[in-house]
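Now for the letters of each chain:
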Amino acid sequence: RYFRQLVNDQNRILYSAVYFYVDADDLGKLGSSREEREFLRYCAVILQEHTGDTDLLAEVSDHGFVLLKFSETMEQVRDWILPVFQRLREYPQANGAAPGIRVTAGIYPMKREDRDLNEILFHASRGAYEAQRLQEDYVVCSGELLRQFAQERQMQNQLGQALDRQEFELFVQFYVESNSRQIVGGEALSRWQHPEKGLLKPGAFVPLLER
């Protein structure tokens, strides 16, 4: 609600959208929904403590928070985020919880043309998921990474159409018994016969289907 009041054409490029994502599988290790809520509440309190007067914090999903951080340089954002992660990592020791709860962040430096909040959140959230994949605390959304996200988003939008058009094909990799040279089994593998990109292996589309 406060986005348009806070962010304008004069200050937009001084903001970064920082999306904090709590891994849902790790959250399940806490054992109960009450403990999960307690950890999310703890995250909210820590982030609130690190929110300045010119910043904006909101919970945007069951496992995600976004903080619009006002900062003149990316170096300042990096210096700011390090103690945040230090505090978040203290939770298991302070509360007797199981270790290994992963929180990752995606940092999206806003551009002059950024006016669609949904697009801003999308870029920052994808950065957080990429940080999770890379086992990093955070990832800064560079131009190259944004191009990769755009391609993934385009392909994700094409998945439903691809299923309707039956563009997915089944391939069988056979198992052969070496002495008799007889086929004794096989592994079923899917491929996407993409109309523009050609034959795609599962690594190119299974993560998109899972999301």
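Higher on the page you've got the structure.
Note that the coordinates shown come from a computational prediction; the quantities given were computed from them, not determined experimentally.

**Student:** So what exactly am I meant to see when it comes to unusual backbone geometry here?
**Tutor:** A negative phi angle is the norm for most residues apart from glycine, just as the trans form is the norm for most peptide bonds. Within the chain, Gln135 stands out as a residue other than glycine whose phi angle is a positive 60°. Turning to its location among the elements, Gln135 is positioned in the loop between helix H6 (117-134) and strand S5 (138-140). Here Gln135 falls in the exposed class, since its relative accessible area comes to 58%. Within the chain, Arg181 stands out as a residue other than glycine whose phi angle is a positive 60°. For Arg181, the position within the fold is in the loop between strand S6 (168-177) and strand S7 (182-194). When its relative accessible area of 71% is taken as the criterion, Arg181 is described as exposed.

**Student:** Got a minute to help me understand the sheet that holds strand S3 (residues 64-70) in this structure?
**Tutor:** Where strands meet in a sheet, backbone hydrogen bonds hold them as pairs that are either parallel or antiparallel. Pairing in this open sheet of 5 strands is mixed, and the strands run S2-S3-S1-S4-S5 from one edge to the other. Edge strands, defined here as strands with exactly one partner in the open sheet, are strand S2 (56-61) and S5. For this sheet the average axis-to-axis angle between neighbouring strands, irrespective of direction, equals 20°. Here strand S1 (residues 15-22) pairs with S3 via 7 bridges, running antiparallel.

The rules behind each value
- Residues numbered from 1 in each chain as written.
- Predicted model: local features only at pLDDT ≥ 70, side-chain atom pairs only at ≥ 80, totals over all residues.
- Heavy atoms only, no water.
- Helix = DSSP H or I, 4+ residues; strand = E, 2+ residues; numbered from the N terminus.
- Buried < 20%, exposed > 50% of the residue type's maximum accessible area, 1.4 Å probe, protein only.
- Pairing = 2+ DSSP bridges.
- Axes fitted to C-alpha atoms, helices over the stretch in contact; angles between N-to-C directions.

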